[in-house]
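# Structural features, examined
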Amino acid sequence: MTDLKEIIAANLTRLRQQAGLTQLQLADMLNYSDKAVSKWERGESVPDLRVLIQLAEIYHITLDDIVKEQPEKVVKPKLNLEKKHLLITLLSVGLVWVVATGIFMILYYITSVRSQAHLTFVVAPFISAVVLVVFSSIWGRRLTTTLAASAVIWSIALIVHVFVALFAEGVPIWPFYIVAVGVQILVVGWFLLRKLYKPNRRHKL
């Protein structure tokens with residue numbers, strides 16, 4: 001009888017290849033390292049149940065298709081998972097701008113604050129960036145999380161710049177940009193550190 005590890009390893013290799021994915025691409029979708037995926041496919045370790053369920057969802061198959069010997073068959077992987085994530089993120093960011101536009105319209109028709117109504121669109125990029133950070137963190141994409149965090153930094157810098165220029169004339173703005181650059185360097189350093197030290201597993205194997 002074929003060892004269960006060997007069966008799972010063979011199935012995972014076949015499914016990934018039929019889906020047209022590299023080990024690195026699959027690893028990113030699972031929030032694991034490609035080394036972990038390689039170990040699974042060599043039969044050196046077995047993914048935990050949560051990962052197996054996630055794999056079944058990605059490939060649009062059942063758990064039996066992973067843990068039992070299967071005839072050679074072409075799967076129809078549910079690779080629109082990332083597209084779904086992207087669509088949810090874009091819709092959420094779009095909602096931020098719809099709300100911002102609504103607030104702008106309300107403020108525009110209030111005479112006393114009409115001249116500051118445009119500030120709604122100065123704050124909206126910051127909220128959009130925060131939304132991007134949240135979703136990128138949930139779905140475990142380091143690069144997009146880093147880019148979104150950078151957007152948060154510079155959108156804050158934009159808000160400070162505009163508000164200081166409007167309401168605190170004479171206050172120097174350049175120190176805020178020095179702080180922003182420092183924080184940006186820390187964010188990039190964090191990304192590079194995580195990329196260099198990418199463990200074989202993010203969860204217990």
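Residues numbered from 1 in each chain as written. Predicted model: local features only at pLDDT ≥ 70, side-chain atom pairs only at ≥ 80, totals over all residues. Heavy atoms only, no water.

## What to know about the confidence of the model for the protein
This is how the line gets drawn: Confidence scores here are pLDDT values: one per residue, from the predictor, ranging 0 to 100. Secondary structure follows DSSP: runs of H or I at least 4 residues long count as helices, runs of E at least 2 residues long count as strands, and numbering of each begins at the N terminus.
Scored by pLDDT, the protein has a mean of 84; 87% of the residues are at 70 or more. Confidence, expressed as mean pLDDT per element, reaches its minimum in the protein at helix H2 (residues 23-30) with 84 and its maximum at helix H7 (residues 120-138) with 92.

## Observations concerning the pattern of salt bridges
Where we set the bar: Take a side-chain nitrogen of Lys or Arg and a carboxyl oxygen of Asp or Glu: if they are within 4 Å of each other, that pair is a salt bridge. The rule is simple: take the accessible area with a 1.4 Å probe, protein chains only, and divide by the maximum for that residue type; under 20% is buried, over 50% is exposed, in between is partly exposed.
According to the stated counting rule, one finds 3 salt bridges in the structure shown. Here Glu41 ties to Arg16 by a salt bridge, and the two come within 2.5 Å at their closest N and O atoms. Linking Glu41 in helix H3 (residues 34-42) with Arg16 in helix H1 (residues 4-18), this pair joins segments that are 25 residues apart in sequence. Residue Glu44 is joined to Arg42 by a salt bridge in which the shortest nitrogen-to-oxygen separation is 2.8 Å. Owing to a relative accessible area of 49%, Arg42 belongs among the partly exposed residues under this scheme.

## Some remarks on the side chain of Ser155
The line we're drawing: Distance and chemistry together define a polar contact, namely a pair of N or O atoms within 3.5 Å, with one atom able to donate a hydrogen and the other to accept it when in protein, and with adjacent residues in sequence counting only for side-chain atoms on both sides. In this description, contact between two residues means that some pair of their heavy atoms is separated by no more than 4.5 Å.
Examined against the element boundaries, Ser155 turns out to sit in helix H8 (residues 142-167). Separated by 2.9 Å, the side chain of Ser155 and the backbone oxygen of Val152 make a polar contact. The contacts of Ser155, once residues within four sequence positions are left out, are Pro125, Phe126 and Ala129.

## Points about a nonpolar patch on the surface
In plain terms, the rule: Each patch is built from residues that are more than 30% exposed by relative accessible area and take part in no salt bridge. Like charges join if they lie within 9 Å; nonpolar side chains (Val, Leu, Ile, Met, Phe, Trp, Tyr) join within 5 Å. Note on areas: Shrake-Rupley with a 1.4 Å probe; residue coverage comes only from the protein chains shown.
A cluster of nonpolar residues, Leu95, Val98, Val99 and Ile103, forms a patch on the protein surface that exposes about 360 Å² of accessible area. Assignment of secondary structure puts Ile103 in helix H6 (residues 81-108). What makes Ile103 partly exposed here is its relative accessible area of 39%.

## Notes on H7
For the record, the criterion: Expected helix span is given by 1.5 Å per residue-to-residue step, counting one fewer step than there are residues.
Counted at 1.5 Å a residue, the expected span for H7 with its 19 residues is 27 Å, and the 27 Å between its end C-alpha atoms agrees. All buried positions along H7 are accounted for by Thr120, Val122, Ala124, Ser128, Ala129, Val131, Phe135 and Ser136.

## Focus on the environment of Asp28
One can find Asp28 in helix H2. Looking at Asp28, the relative accessible area reads 25%, which means it is partly exposed. For the pair formed by Asp28 and Arg141, sequence separation is 113 residues and the distance between their alpha carbons is 7.1 Å.

## Examining the environment of Gln184
Tracing the backbone through its elements, the reader meets Gln184 in helix H9 (residues 174-196). Take Gln184: its relative accessible area is 15%, and that puts it in the buried class. C-alpha of Gln184 to C-alpha of Trp154: the two residues are 30 residues apart in sequence and 8.7 Å apart in space. Engagement of the side chain of Gln184 in a polar contact is seen with the side chain of Trp154, the distance being 2.8 Å.

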